[in-house]
Amino acid sequence: MAKSQVTMTVNGKPVEALVEPRTLLIHFLREQLNLTGPHIGCDTSHCGACTVDFNGMSVKTCTMFAVQANGSDIRTIEGMANADGTMHALQEGFREMHGLQCGFCTPGMILRAYRLLQENPSPTEEEIRFGISGNLCRCTGYQNIIKAIQYAAAKLRGVPLQEAAE
Amino acid sequence: MIPGSFAYHRPNSVQEAVGLLAQFGDEARALAGGHSLIPMMKLRLAKPGHLVDLGGVSALKGIRADGGDIVIGATTTQHELIGSDLLSAKLPILRETALLIADPQVRYLGTLGGNVANGDPGNDMPAVMLCLNASYHVAGKTGERRIAARAFYQGAYFTALEPGEIVTAVRIPVPPAGHGSAYEKLKRKIGDYATAAAAVVLTMSGGKVASCSIGLTNVAETPLWAEEAGKILTGSSLDAATVKKAVAAAEAITSPATDGRGPARYRTKMAGVMLARALARAKARAGA
Ligand SMILES: Cc1cc2nc3c(=O)[nH]c(=O)nc-3n(C[C@H](O)[C@H](O)[C@H](O)COP(=O)(O)OP(=O)(O)OC[C@H]3O[C@@H](n4cnc5c(N)ncnc54)[C@H](O)[C@@H]3O)c2cc1C
Ligand code: FES
Ligand code: FES
């Protein structure tokens, strides 16, 4: 099948490539752009490990074709750190609060939490749980992921960290 | 899992879209949010040779009031339904239902048009559309027509759409101010289709039910409009004996499959339980 030309912005950089229409966005990111942060967990749109930020939405890239992303603006975990190389508040939160064990779900969790906090900078615990309900974690039991997101929310709002860390 | 090969088309207008669908006939499928179609393509249960992406057709977007109706463009996403102030004020059952569909990521992309046109009895919006007496604006190469939701669903994945036709919008008559509504869905986990679910829209007058419409999800090959159950309740005060009769009438029209969500008899009973709960909640929300 003839390849299509796509252009998009990925982690702030312009990208231009040829893709087969049936190429899933997750395969394009991982195999053509070598961005292996987004993971393939279930490959059936359930686990959220492949989540990236796409035009201001959290999407599962295993359930989207790269051609659909033509013209889009995408952010993956590789683009989360601050410009000076320090960690984003969410990355710091996951480290400080032990929000990961094996780390397989973490890139998807962080990108989903990023959009959640953009839409709702001070979510309740329940709102966080509902907001990350499309992301599965096999290790942590979620408790520390909630704390990590609360840590980041507090830091991004500039309120004392203790409040979130309780 | 990698889908079969296909050619990708991204038209800018409805005319262009239906032109492409007509041109490629059986080989072509419309693509909206992709969250039902792409999983089927990955499993190779669907192998379209041409995908016509409706995402570039701006005329298919948006939510607007039109006289006593609300008209929602087919590619309006579930996320957009949840965020709409107009819907929250006039048709709160849509927001409530959308929040029970899948998970946040799926709702950012999944569309109302895809949900109602898909024909999967597990989809939640069709029963709500039966309950609300919605109609679908449909376009094809030869022109446009409207199909009542109550005449749309013919079997699992069989609808009144002719080959090459697409749903362009969903038209919903706004229930009177003071109506009460509820969507009750039993599911095993977030992201699961319903074991059984019930949609209720009712109006009350002087403590009695003035009108009542009921839709049921995933307990037959198609979504169900429980017309008889609604009639039984009309004129009653939703007393326990009448609710019991209505629940029995609703259960009687179900014919669910036995599957991972439970045996058929259990799913029928759960449809009744969901209906009773939805009735109680709708009544509590209705004005006198
Ligand atoms: C993990 C997961 C959980 C889910 N859980 C639920 C759930 O609980 N409840 C629920 O209702 N849904 C659920 N879904 C399905 C989801 O809501 C889909 O988005 C929706 O069913 C289809 O909408 P779409 O826009 O993604 O359509 P697509 O997948 O793009 O299309 C679906 C079908 O409809 C056709 N189509 C699309 N748009 C039109 C149109 N305008 N006119 C004519 N035909 C059209 C396509 O050709 C295709 O055959 C789930 C999906 C996933 C991945
Ligand atoms: S790999 Fe995409 S949701 Fe699991
Ligand atoms: S840390 Fe292992 S899956 Fe979440």
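Please read all numbers here as calculations on a predicted model, not as lab measurements.

A. Summary view of the site of ligand 1. Among the 32 residues in the neighbourhood of ligand 1, the closest are listed as Ala30(B), Gly33(B), Leu37(B), Thr111(B) and Asp124(B). Around ligand 1, the neighbouring residues derive from chains A and B rather than from a single chain. Contact distances for ligand 1 include 2.9 Å between an oxygen atom and a side-chain N or O atom of Asn123(B). Its free accessible area being 960 Å², ligand 1 has 96% of it covered by the protein chains.

B. Structural detail: the sheet that holds strand β7 (residues 143-148) of chain B. All names here are of chain B. Taken in spatial order, the five strands of this open sheet run β4-β5-β10-β6-β7, and their pairing is antiparallel. Two strands lie at the open edges of the sheet, namely β4 (63-66) and β7, each paired on one side alone. Geometrically, the sheet is characterised by an average inter-axis angle of 25 degrees between neighbouring strands, direction not taken into account. Looking at chain direction, strand β6 (residues 135-140) and β7 are connected through six bridges and run antiparallel. Counterpart to Ala139 in the pairing with β7 is Glu144. Relative to strand β10 (residues 166-173), helix α1 (residues 14-24) is tilted by about 125 degrees, and along the sheet it contacts β6 and β10.

C. Main features of the domain arrangement of chain A. Residue and element names in this part refer to chain A. Domain boundaries in chain A define domain 1 (4-79) and domain 2 (89-159). The gap between the C-alpha centroids of domain 1 and domain 2 is 21 Å. Facing the 18 residues of domain 1 at the interface are 14 residues of domain 2. Interface area for domain 1 against domain 2, summed over the two sides, is near 1,200 Å², with a carbon-plus-sulfur share of 58%. Here Asp53 makes a salt bridge to Arg115, at a shortest N to O gap of 2.8 Å. Here domain 1 and domain 2 share seven residue pairs in polar contact (both at pLDDT 80 or more) between them. For the side of domain 1 that touches domain 2, the secondary structure elements donating two or more residues are β3 (51-54) and β4 (57-60). Taken together, the residues that form the side of domain 1 that touches domain 2 break down as six nonpolar, nine polar and three charged.

Thresholds, definitions, all that
Residues numbered from 1 in each chain as written. Chains lettered and ligands numbered in written order. Predicted model: local features only at pLDDT ≥ 70, side-chain atom pairs only at ≥ 80, totals over all residues. Heavy atoms only, no water. Near = heavy atom within 4 Å. Polar contact = N/O pair within 3.5 Å; in protein donor to acceptor, adjacent residues only side chain to side chain. Areas by Shrake-Rupley, 256 points an atom, 1.4 Å probe, with all protein chains shown as cover. Pairing = 2+ DSSP bridges. Helix = DSSP H or I, 4+ residues; strand = E, 2+ residues; numbered from the N terminus. Axes fitted to C-alpha atoms, helices over the stretch in contact; angles between N-to-C directions. Contact = heavy atoms within 4.5 Å. Domains from an automatic or database assignment. Buried area = accessible area lost by both parts, 1.4 Å probe. Salt bridge = Lys/Arg side-chain N within 4 Å of Asp/Glu carboxyl O. Nonpolar A, V, L, I, M, F, W, Y, C, P; charged D, E, K, R; others polar.

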